Amino acid sequence: MSHPVRNVVGMGVQFFETLRGLGRSIGQGHVHRRRTTVFEMTRGHGSVLAQFRVKPGRWVVTIEADSYHCADCGRASSKYLQFMILENGVSVIGECVSSQFLDSHHEFTPEQEDTLRSIGWNEPVPNQDPNWFFEAEADVELITLTEMTRRTVREVMGLCDSDAVEVSFYEMAVGAPDFEQIQEKCA
C-alpha cells in the first residue's frame, strides 16, 4: 500500500488538521452507532466490511471495545479498531489503536503487542502510520482481516462473547481544495 493511501487512514485530529491546513473541505455523514455483543459483532463483521466495500464512497467503521477516563488527566479514551473502506471498492484498511493514543494505565503490554504482531498487524510507524494497520485488497485478505479483528478483540483486548462493544459507521468525504480559504491564508 502506498504511503499517501495509508496516511489517509490516520483519522485522528492531526489528519483532519492537515487536510484543513491544505485547504481541503472535510465532510462526515451521519454517524450510526449500535451497542452489540462481541459475539454478534464477530459473527457479522466480515459481511459488514464486504457490504461497505461495494457501496460508493469512503466509509469508516469503528469498533470501540471500552471507554474510560484517564485516572491522571480525565481525558476520555478507548481501545478500538477502525476500518476505512476506500472509494476504489477494493481496499479496506484496518487499524488497531496503538499505545501512543492510550493513557499509561491502558497501554498494551509487551505481550499484547507481541500478540498483535503474531496475529498479522503491521507495527505503527512514527509520523506515518500511528496505529497498528493492515490493508486488505483481495477477498482472502478481507477474510484474514476479519479473523484478525476477532482475535484482537478476544486475545489482546480480553473480551468474551457476552461483552458489549460499540460499533459505529459513517461516510467520510474529503473534498477539493477550498480556494477561498487558501487565498485568505496567503493574504
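The structure presented is a predicted model; accordingly, all values stated were derived computationally and were not measured.

1. Comments concerning the packing of helix α4 (residues 110–119) against helix α5 (residues 139–156)
Thinking step 1. Relative orientation of the contacting elements α4 and α5 amounts to 165°, with a least axis distance of 10 Å. When the interaxial angle is binned, α4 and α5 end up roughly antiparallel. Crossing angle aside, the handedness with which α4 passes α5 is right-handed. Side by side, α4 and α5 meet where Gln112, Thr115, Leu116, Ser118 and Ile119 of the first sit next to Met148, Arg151, Thr152, Glu155 and Val156 of the second.
Thinking step 2. Across the contact of α4 with α5, the residue classes break down as four nonpolar, four polar and two charged.

2. Overview of unusual backbone geometry
Thinking step 1. One non-glycine residue, asparagine 127, adopts positive backbone phi at about 65°.
Thinking step 2. Counting through the fold element by element, asparagine 127 comes out in the loop between α4 and β6 (132–136).

3. Focus: the packing of helix α3 (residues 38–54) against α5
Describing two packed helices takes the angle between their axes plus the distance from one axis to the other.
Thinking step 1. Contact pair α3 / α5: the axes reach a minimum separation of 10 Å and the direction vectors enclose 150°. The angle between α3 and α5 places the two elements in the roughly antiparallel class. The crossing of α3 and α5 is right-handed. Residues Val38, Phe39, Met41, Thr42, His45, Gly46, Leu49, Ala50 and Arg53 of α3 form the contact with α5, whose own contacting residues are Asp139, Leu142, Leu145, Thr146, Thr149, Arg150, Val153 and Arg154.
Thinking step 2. Residue classes in the contact of α3 with α5 are distributed as eight nonpolar, five polar and four charged.

4. Considerations on the side chain of histidine 45
Thinking step 1. Within the fold, histidine 45 resides in helix α3.
Thinking step 2. Given a relative accessible area of 4%, histidine 45 falls into the buried group.
Thinking step 3. Not counting the four nearest positions on each side in its chain, histidine 45 is found in contact with Ile63, Phe83, Thr146 and Thr149.

5. Re the packing of aromatic side chains
Thinking step 1. All told, the structure shown has three aromatic pairs when counted by the stated rule.
Thinking step 2. Arranged with centres 5.1 Å apart and planes meeting at 55°, the rings of phenylalanine 52 and phenylalanine 169 form a pair that is tilted. Linking phenylalanine 52 in helix α3 with phenylalanine 169 in strand β7 (residues 164–177), this pair joins segments that are 117 residues apart in sequence.
Thinking step 3. With a relative accessible area of 28%, phenylalanine 169 lands in the partly exposed category.

6. Quick look at the pairing of β6
Thinking step 1. Among the five residues that make up β6, five are buried, leaving the element largely enclosed by the rest of the structure.
Thinking step 2. Neither face of β6 is left uncovered, since the one carrying Trp132, Phe134 and Ala136 and the one carrying Phe133 and Glu135 both have all their residues buried.
Thinking step 3. As paired strands, strand β5 (residues 92–96) and β6 are joined by five bridges and run antiparallel to one another. In the sheet register, cysteine 96 faces β6, and the bridge partner there is tryptophan 132.

7. Structural notes on the environment of glycine 89
Thinking step 1. Residue placement: glycine 89 occurs in the loop between β4 (76–85) and β5.
Thinking step 2. Spatially, the C-alpha atom of glycine 89 lies 7.4 Å from that of proline 56, the residues being 33 residues apart in sequence.

8. Some words on α3
Thinking step 1. Between the first and last C-alpha of α3 there are 25 Å, a value that for 17 residues agrees with the 24 Å anticipated at 1.5 Å per step.
Thinking step 2. Of all the bends in α3, the greatest measures close to 45° and is centred on glycine 44.
Thinking step 3. Taken together, the buried positions of α3 are occupied by Val38, Met41, Thr42, His45, Gly46, Leu49, Phe52 and Arg53.

What counts, and where the lines are drawn
Numbers given to residues run from 1 along each chain, matching the order in which its sequence is written. Note on the predicted model: pLDDT of at least 70 is required for a residue's local features to be given, and 80 or more for side-chain atom pairs to be given and counted; whole-chain, interface and lining totals, by contrast, use all residues. Side-chain numbers come from the whole structure's heavy atoms, not from hydrogens or water. Axis definition: a line fitted to C-alpha atoms, over the contacting stretch in the case of helices. Angles run 0 to 180 degrees between N-to-C directions. A run of H or I in DSSP becomes a helix once it reaches four residues, and a run of E becomes a strand once it reaches two; helices and strands are each numbered from the N terminus. Between 65 and 115 degrees an angle is taken as roughly perpendicular, under 35 as roughly parallel, over 145 as roughly antiparallel, and anywhere else as oblique. It is the rotation of the near helix from the far one that decides the hand of a crossing: anticlockwise by less than a right angle makes it left-handed, clockwise makes it right-handed. Throughout, a contact is declared for two residues whenever any of their heavy atoms are within 4.5 Å. Amino acids are sorted into nonpolar (Ala, Val, Leu, Ile, Met, Phe, Trp, Tyr, Cys and Pro), charged (Asp, Glu, Lys and Arg) and polar (every other residue, Gly among them). Throughout, exposure labels follow a simple rule: accessible area from a 1.4 Å probe, protein chains only, divided by the maximum for the residue type, with under 20% read as buried, over 50% as exposed, and the rest as partly exposed. Pairing of aromatic rings covers Phe, Tyr and Trp, the last through its six-membered ring, and needs centres within 6.5 Å; plane angles under 30 degrees mean stacked, over 60 mean edge-to-face, and all others mean tilted. Pairing between strands is defined by DSSP: at least two bridges between the two strands are required. To estimate the expected span of a helix, count its residues, drop one, and scale the result by 1.5 Å. To get the bend at any residue, fit one axis to the seven residues that end at it and another to the seven that begin at it, then take the angle between the two axes.

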